[in-house]
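Residues per chain are reported as follows:
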Amino acid sequence: MVQRKTRKRSYDNAMANPVETVGKLLNPLGFRHLVDDFISAGYDLHDDLVNLHSNDLDRIGVFNETERQVILNAIPSFRNSDTTSFHRFLHDSGLEQYTENFAKCGITNAQMLKSLDLCEPMFKKLKINLPGHRKRLETALSRLPSKRKRIAERSVAVGYWARPAPLKEANHDFLCVLGMLGNSKRDHETVCLEFMVDSGSDVVTCPPEIIRKLNLDLLGKIESRGVHSSVETVIYKANLVIGQTVLQVEVMPESYASVGSRVLRHFRHYITGDKHIWLDASEPEPISSR
């Protein structure tokens, strides 16, 4: 009896180191310290991360409410990234074993691949030598729409109405969003903060003790102008992470944390009675269904 050899299928991130895989989600959020917890709990594949829910965080042991909210807010943009979509395309086509080859050739999405001439030299460059696998790729690409007729929204983060702790005595709620503030030179030094949205300001503010803790770089002194007066104050340089979008910002000391117009204009916004949806500004306007 001839024993048939079978190939063990490797899923999404079989070519990637688990630390690298989990780090793609957690490192930009400032949660490097959670990478080992994810891996120890078996959440070390790409598929595990894009399907992450609140009960999964319970199993991993992430109980800090701020960390949970930041991670869950980051999942939509992580799931909808070009790299994520391409992993899914290769996985669904049974070609995930070539993921590293595509990456080395700078091919990061299926539409880019479709625009290439899949001739013999290209197949050799991708190291796809089996004729069945070549046909599998051609068939998968032929099923892709040549042009997207409907544009799906990609939420970067989800804000909410609330009263930040320093403003608990206010008479009404404010739009708020969770974000990570960090030292622009030492990305491992970050703090998760609840930021009030202040469209009338053009700087980011945060409590002085946070500025000292992060050891932010001093940019200099400025004149902060209000409606009725102006005050000389200092301003610092920092990195701000909203969802998975990293921005370089100027930070001014204040009793509360807030983000101003310079941050807001990097995104598009959709506000409802209970949510503030932060959208990728580089995406074209969605086609609404009628």
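It should be emphasised that the depicted structure is a prediction, and the values quoted were computed from it without experimental measurement.

## Quick look at the pairing of strand β3 (residues 190–197)
A regular strand carries its side chains on alternate faces of the sheet.
Right, so step 1: Note that strand β2 (residues 174–182) and β3 share 7 bridges and pair antiparallel. Looking across to β3, one finds that M180 is bridged to C192.
Right, so step 2: Bridge count between β3 and strand β8 (residues 258–259): 2 bridges; the pairing is parallel. Across the sheet, the residue bridging to V197 is V259, located in β8.

## Structural notes on empty space enclosed by the protein
Right, so step 1: A complete count under the given rule lists 1 cavity of 30 Å³ or more for this structure.
Right, so step 2: If you add up the space inside the largest cavity, you get close to 60 Å³.
Right, so step 3: Along the walls of the largest cavity sit L29, V70, N73, A157, V177, L178, G179, M180, V241, I242 and G243, which together make up its complete lining.
Right, so step 4: Among the elements of the structure, α5 (65–79), β2 and β6 (230–242) are those that each provide at least two residues to the lining of the largest cavity.
Right, so step 5: Residue composition of the lining of the largest cavity, grouped by class: 8 nonpolar, 3 polar and no charged.

## So, the pairing of strand β9 (residues 267–271)
Right, so step 1: Both β9 and strand β10 (residues 275–280) contribute to a ladder of 5 bridges, which runs antiparallel. Within the sheet, the bridge partner assigned to Y270 lies in β10 and is I277.
Right, so step 2: Connecting the antiparallel pair β9 and β10 is a turn made up of 3 residues.

## Brief notes about the nonpolar core
Right, so step 1: Counting residues in each nonpolar core, the largest one holds 28 residues, and the members touching the most others are L181, F195, L240, V249, V251, V263 and W278.
Right, so step 2: Those residues in contact with V249, other than ones at most four positions away along the chain, are L181, V204, Y236, K237, A238, L240 and V263.
Right, so step 3: Grouped together as the second largest cluster of nonpolar side chains are 23 residues, L25, V50, L57 and L178 included.

## Remarks on the confidence of the model for the chain
Right, so step 1: In the predicted model, the chain carries a mean pLDDT of 79, and the fraction of residues at 70 or more is 79%.
Right, so step 2: Confidence, expressed as mean pLDDT per element, reaches its minimum in the chain at helix α8 (residues 110–114) with 69 and its maximum at β8 with 96.
Right, so step 3: Confidence drops under a pLDDT of 50 for residues 1–15, and excluding neighbours within four residues, the segment shows 21 contacts in the predicted structure.
Right, so step 4: Predicted confidence for residues 147–152 stays below pLDDT 50, and this span has 10 contacts to residues more than four positions away or in other chains.

Each value, and the rule that gives it
- Here the residue numbers are simple positions, counted from 1 along each chain's written sequence.
- The model is predicted, so local features are restricted to residues of pLDDT at least 70 and side-chain atom pairs to those at 80 or more, both for listing and for counting; the totals for chains, interfaces and linings are taken over all residues.
- Based on all heavy atoms of the structure, the side-chain values leave hydrogens and waters out of the count.
- Between any two strands, at least two bridges found by DSSP are needed for them to pair.
- Helix and strand definitions follow DSSP, with helices as H or I runs of at least four residues and strands as E runs of at least two, each counted in order from the N terminus.
- As defined here, a cavity is a set of points on a 1 Å grid over the protein atoms alone where a 1.4 Å probe fits but cannot get out. A pocket is an open set with protein on both sides within 12 Å along at least five of seven lines, and residues line them when an atom is within 4 Å of a point.
- Grid points are joined across faces, edges and corners, and a volume is the space filled by probe spheres set on the points.
- Only Asp, Glu, Lys and Arg are considered charged in this grouping, and only Ala, Val, Leu, Ile, Met, Phe, Trp, Tyr, Cys and Pro are considered nonpolar; every other residue, Gly among them, is considered polar.
- Buried Ala, Val, Leu, Ile, Met, Phe, Trp, Tyr and Cys residues that are joined via side-chain atoms within 4.5 Å together make up what is termed a nonpolar core.
- Buried, partly exposed and exposed residues are distinguished by accessible area as a fraction of the type maximum, computed with a 1.4 Å probe on protein chains only: under 20%, between the cut-offs, and over 50%, respectively.
- Note on definitions: a residue-residue contact is assigned when non-hydrogen atoms from the two residues lie within 4.5 Å.
- Summary of the metric used: pLDDT quantifies the predictor's per-residue confidence within the range 0 to 100.

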